Amino acid sequence: MSFPDLVEAHGLDRIGLRGRLTANQPVGPVTWFRVGGPAQLLFQPADTEDLALFLRHLPAGVPVLPIGLGSNLLVRDGGLPGVVIRLGAKGFGGVAVEGETRIRVGAAVPDKRVAEAAAEAGLGGFAFYAGIPGGVGGALRMNAGAHGSETRDTMVELTAVTRAGEIVRLTREDMGYRYRHSEVAADTIFTEAVFEGTPSERETIRAEMAAVVEHREKAQPIREKTGGSTFKNPPENSAWKLVDAAGCRGLQIGGARMSDMHCNFMINTGEASAEDLERLGETVRARVLEASGIALEWEIKRLGLLPEGVEIAPFLGRNDKETAVHG
Ligand SMILES: Cc1cc2nc3c(=O)[nH]c(=O)nc-3n(C[C@H](O)[C@H](O)[C@H](O)COP(=O)(O)OP(=O)(O)OC[C@H]3O[C@@H](n4cnc5c(N)ncnc54)[C@H](O)[C@@H]3O)c2cc1C
């Protein structure tokens, strides 16, 4: 499948951009699940000003979506209409310690690198990032967290570019943070952030980071094609316990399976389509609802279009459930 060319239609090659425009670019390969259709247009800006210039020229009706390292994304098989923005290490990969306690990082910096830089500077509060496979942009959007810490705990302010192409500064209060959620418009792109740590012994931080990594190795299928936790933990409950109690550990549809190791992780066993994965997720939600009365919410972001003629209703009905098997 391919989408009509946006570059030609809107003269985007004639406005002096320094970044890279690629029409009908496959996005699946940069996501952890390795599934999904192309982006109508991929833009990789050279820096924040280049991104702002692009967005000022792009007609308001064209959808815009930032992606990071793709560790929390399920891109649907019908692809992503509009523009996908991906920030590269060249313009957005800076890491700088400022003063005694602050660290400024570009949105393309992997979380793991933030943890390492903070440890090097003797700043505590970032060890949990050693176990999260995303980048700073995704962490800011998702309020990524683990082991009792979250992005909002240390984030002080960030730079962002709005859909209209305005460069703005946002503070933690502006972010409307909740558990794995920010209220900021989904087409606002974060380009850089400042975090505040707590002075701490380097050895203590490194030990914490090692414990985080060791825990992941034992408890999560981190070498699989996965998107991390599929569903958010409901208040006072654990999504994995509900999935397990509903009999969905190891449940499989096509090439999509609920991990046997950590049953709130969906995995692409090799040949899954995005449709298999989404259908499996909705089947699990239906079974959990039936077993416990609790409606799980997706944590994974499902983006883009279903292929023509395909429908996946939320909380799939009985007939759909019959396609699921335990392998
Ligand atoms: C094995 C595994 C373990 C995981 N463990 C955890 C965990 O312990 N805790 C946790 O919180 N998450 C976890 N995750 C999920 C994921 O790593 C986090 O949500 C991460 O923050 C996503 O970052 P990303 O760069 O991959 O973003 P993506 O997956 O690419 O995008 C996620 C969201 O962020 C938005 N986004 C990305 N970049 C930007 C930007 N520059 N500006 C604005 N919005 C942006 C996207 O539009 C999308 O809505 C895990 C995932 C995997 C695969």
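Placed above this text is the structure.
Residues numbered from 1 in each chain as written. Predicted model: local features only at pLDDT ≥ 70, side-chain atom pairs only at ≥ 80, totals over all residues. Heavy atoms only, no water.

(A) Spotlight on the pattern of salt bridges. One pass over the full model with this rule turns up 20 salt bridges. Glu98 is the salt-bridge partner of Arg104, the closest N and O atoms lying 2.6 Å from each other. Using a relative accessible area of 26% as the deciding quantity, one classes Arg104 as partly exposed. Residue classification places Glu98 among the partly exposed residues on the basis of a relative accessible area of 31%. It is possible to trace a salt-bridge network through shared partners that takes in Arg76, Glu278, Glu282, Arg285 and Arg302. (Salt bridge = Lys/Arg side-chain N within 4 Å of Asp/Glu carboxyl O. Buried < 20%, exposed > 50% of the residue type's maximum accessible area, 1.4 Å probe, protein only.)

(B) Region of the structure containing the nonpolar core. With 34 residues, the main nonpolar core has Tyr129, Leu140, Leu158 and Phe195 as its most contacted residues. Secondary structure elements with two or more residues in this core: β7 (102-106), α4 (111-120), α5 (136-142), β11 (155-161), β12 (167-171), β13 (189-196) and α7 (202-219). Considering every element that reaches this core, the biggest residue donor is α4, with five residues. Beyond its immediate chain neighbours, meaning those up to four positions away, Leu140 contacts Thr151, Met155, Leu158, Met175, Tyr177, Ser182, Phe190, Ala193 and Phe195. If you look at the next biggest cluster of nonpolar residues, it comprises 24 residues, including Val243, Leu251, Ala274 and Val284. (Core = buried A, V, L, I, M, F, W, Y, C linked by side-chain atoms within 4.5 Å. Helix = DSSP H or I, 4+ residues; strand = E, 2+ residues; numbered from the N terminus. Contact = heavy atoms within 4.5 Å.)

(C) The arrangement of the sheet that holds β12 in detail. Strand order across the open sheet formed by five strands is β6-β7-β13-β11-β12, with antiparallel pairing between neighbours. The outermost strands of the open sheet, each flanked by one partner alone, are β6 (95-98) and β12. Put simply, the sheet's adjacent strands are angled 20 degrees from each other on average, direction ignored. As defined by bridge partners, β11 adjoins β12 across five bridges and the pair is classed as antiparallel. Bridge pairing in β12 links Leu158 to Leu170. (Pairing = 2+ DSSP bridges. Axes fitted to C-alpha atoms, helices over the stretch in contact; angles between N-to-C directions.)

(D) Region of the structure containing the site of the ligand. In the neighbourhood of the ligand, 34 residues make up the surrounding shell, with Pro66, Gly68, Ser71, Gly145 and Arg216 lying closest. In this structure, an oxygen atom belonging to the ligand sits 2.7 Å away from a main-chain N or O atom of Gly68. Gly145 places a main-chain nitrogen or oxygen 2.6 Å from a nitrogen atom of the ligand. Relative to its free-state accessible area of 960 Å², the ligand is covered by the protein chains to the extent of 96%. Elements supplying a minimum of two residues to the shell around the ligand: β3 (64-67), α5, β9 (145-146), β13 and β15 (225-229). Examining the composition of the shell around the ligand, we find that five residues originate from one element, α5, more than from any other. (Near = heavy atom within 4 Å. Polar contact = N/O pair within 3.5 Å; in protein donor to acceptor, adjacent residues only side chain to side chain. Areas by Shrake-Rupley, 256 points an atom, 1.4 Å probe, with all protein chains shown as cover.)

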